[in-house]
Amino acid sequence: MSDPLWLADVLRAEGLRVIEHEGWQHRGHGDFADIRGVLCHHTAGGGENDWRIVQYGRPDLEGPLAQLVLERDGSYRVIAAGVCWHAGRGSWPGWPTDDANYHVIGIEAVSRGDGSDWTPVQLDAYKRGCAAILRHIGRDAGDCVGHREYSSEGKIDPTGIDMGAFRLDVQAIIESTPGGHRMPALEETFVNFRGDTVTLGTAIRYIDEYVNDLREQVGGPIPLKGWPQLGDRTLVDAVAAIGAELGIEGFTDLTKAQK
């Protein structure tokens with residue numbers, strides 16, 4: 001399979017700011033075998049020069065270390081089109097074990113790595129960039145993976161991002177028009193009860209899903225019509241009937257009382 005020379009164009013089509021580094025089309029450690037997804041990282045630096053390490057490498061590891069760097073202002077630096085050393089050892093369904101470098105695009109997002117310094121514009125660009133790539137290669141958000149989820153070597157990145165919630169947002173963007181209309185208020189972020197940074201849109205989606213799940217469990221699959229296995233009772237009515245049968249004071253079986 002050819003290398004992703006389309007990276008800059010696909011990101012721009014999503015309305016993202018792109019900085020193309022000279023020679024990126026020819027930079028890398030060989031060619032991709034195929035492209036199956038996106039692996040999300042943080043740089044663990046947080047400075048304006050983090051990209052230099054990604055492009056040029058470290059004393060113990062030759063660069064490039066990822067195809068893309070996501071700056072805190074939401075800009076993408078396109079570092080390389082070829083294979084980069086970013087995945088390490090690990091596994092994910094549908095990806096080759098211990099060999100993801102030749103199959104997934106790496107995004108290094110600039111962050112200290114403690115989960116406290118993500119900016120709203122950066123998180124928005126992170127999701128939109130992942131969605132744009134996955135849409136282009138015909139994959140869904142199931143192939144948008146945090147390094148810590150893939151790694152068998154104890155990686156923790158990207159710290160502070162709930163990848164389950166992140167994938168929900170990515171999938172919604174995949175299904176939308178590239179660069180299309182968005183609701184800025186839903187992109188506002190806050191730290192949830194688990195300490196993860198999520199958008200209001202994600203929180204609303206979870207609330208809607210869980211409230212409806214609870215309503216169904218209490219009232220039955222048809223609103224308040226009960227469950228067949230409970231004698232067409234709701235959960236509350238079933239508990240009341242059991243209590244009445246046991247002779248517990250105050251419990252009433254309404255199905256009998258109404259006859």
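Residues numbered from 1 in each chain as written. Predicted model: local features only at pLDDT ≥ 70, side-chain atom pairs only at ≥ 80, totals over all residues. Heavy atoms only, no water.

A. Spotlight on a negative patch on the surface. A contiguous patch of negative charge, built from Asp-208, Glu-209, Asp-213 and Glu-216, is present on the exposed surface. Topologically, Glu-209 is positioned in helix α6 (residues 200–219). You can call Glu-209 partly exposed: its relative accessible area is 37%. (Patch = residues over 30% accessible without salt bridge, like charges linked within 9 Å, V, L, I, M, F, W, Y side chains within 5 Å. Areas by Shrake-Rupley, 256 points an atom, 1.4 Å probe, with all protein chains shown as cover. Salt bridge = Lys/Arg side-chain N within 4 Å of Asp/Glu carboxyl O. Lys, Arg positive; Asp, Glu negative; His and termini not counted. Charge placed at Lys NZ, Arg CZ, Asp CG, Glu CD. Helix = DSSP H or I, 4+ residues; strand = E, 2+ residues; numbered from the N terminus. Buried < 20%, exposed > 50% of the residue type's maximum accessible area, 1.4 Å probe, protein only.)

B. Representation of the nonpolar core within the structure. In terms of nonpolar packing, the biggest core is built from 39 residues, with Leu-68, Tyr-76, Ile-107, Tyr-126, Cys-130, Phe-166 and Val-170 touching the most fellow members. Take this core: its biggest share by element is nine residues, from helix α3 (residues 120–137). The residues touching Cys-130, leaving out its near neighbours within four places in the chain, are Val-38, Cys-40, Tyr-76, Ile-107, Cys-144, Phe-166 and Val-170. Grouped together as the second largest cluster of nonpolar side chains are nine residues, Val-54, Ala-66, Ile-79 and Ala-80 included. (Core = buried A, V, L, I, M, F, W, Y, C linked by side-chain atoms within 4.5 Å. Contact = heavy atoms within 4.5 Å.)

C. Representation of the packing of α3 against helix α5 (residues 163–174) within the structure. Relative orientation of the contacting elements α3 and α5 amounts to 55°, with a least axis distance of 8 Å. Between α3 and α5, the angle falls in the class oblique. When you trace α3 past α5, the crossing you get is right-handed. Of the residues in α5, those touching α3 at Tyr-126, Lys-127, Arg-128, Cys-130, Ala-131, Leu-134 and Arg-135 are Phe-166, Asp-169, Val-170, Ile-173 and Ile-174. Within the contact of α3 with α5, the residues separate by chemical class into eight nonpolar, no polar and four charged. (Axes fitted to C-alpha atoms, helices over the stretch in contact; angles between N-to-C directions. Parallel < 35°, antiparallel > 145°, perpendicular 65-115°, else oblique. Left-handed = near helix turned anticlockwise from the far one by under 90°. Nonpolar A, V, L, I, M, F, W, Y, C, P; charged D, E, K, R; others polar.)

D. Broad picture of α5. Between its first and last C-alpha atoms α5 spans 16 Å; for 12 residues at 1.5 Å apiece the expected length is 16 Å, and the two agree. Most of α5 sits out of view: nine of its 12 residues are buried. When α5 is considered as a whole, its buried residues turn out to be Met-163, Ala-165, Phe-166, Arg-167, Leu-168, Asp-169, Val-170, Ile-173 and Ile-174. The N-terminus of α5 is capped by Asp-162, whose side-chain oxygen sits 3.0 Å from the backbone nitrogen of Gly-164. (Expected span 1.5 Å × (residues − 1). Polar contact = N/O pair within 3.5 Å; in protein donor to acceptor, adjacent residues only side chain to side chain.)

E. Inspection of the sheet that holds strand β7 (residues 104–109) at higher detail. Strand order in the open sheet formed by six strands is β1-β6-β5-β7-β2-β8, and the pairing between neighbours is mixed. The two strands at the open ends of the sheet, each matched to only one other strand, are β1 (18–20) and β8 (144–146). Adjacent strand axes in the sheet meet at a mean angle of 25° when their direction is disregarded. With six bridges connecting them, strand β2 (residues 37–42) and β7 associate as parallel partners. What sits directly across from Gly-37, in β7, is Val-104. Against the sheet, α3 touches β2, β5 (68–70), β6 (76–78), β7 and β8, its axis set at about 160° to β2. Packed on one face of the sheet, α5 meets β2 and β8 and runs near 160° to β8. (Pairing = 2+ DSSP bridges.)

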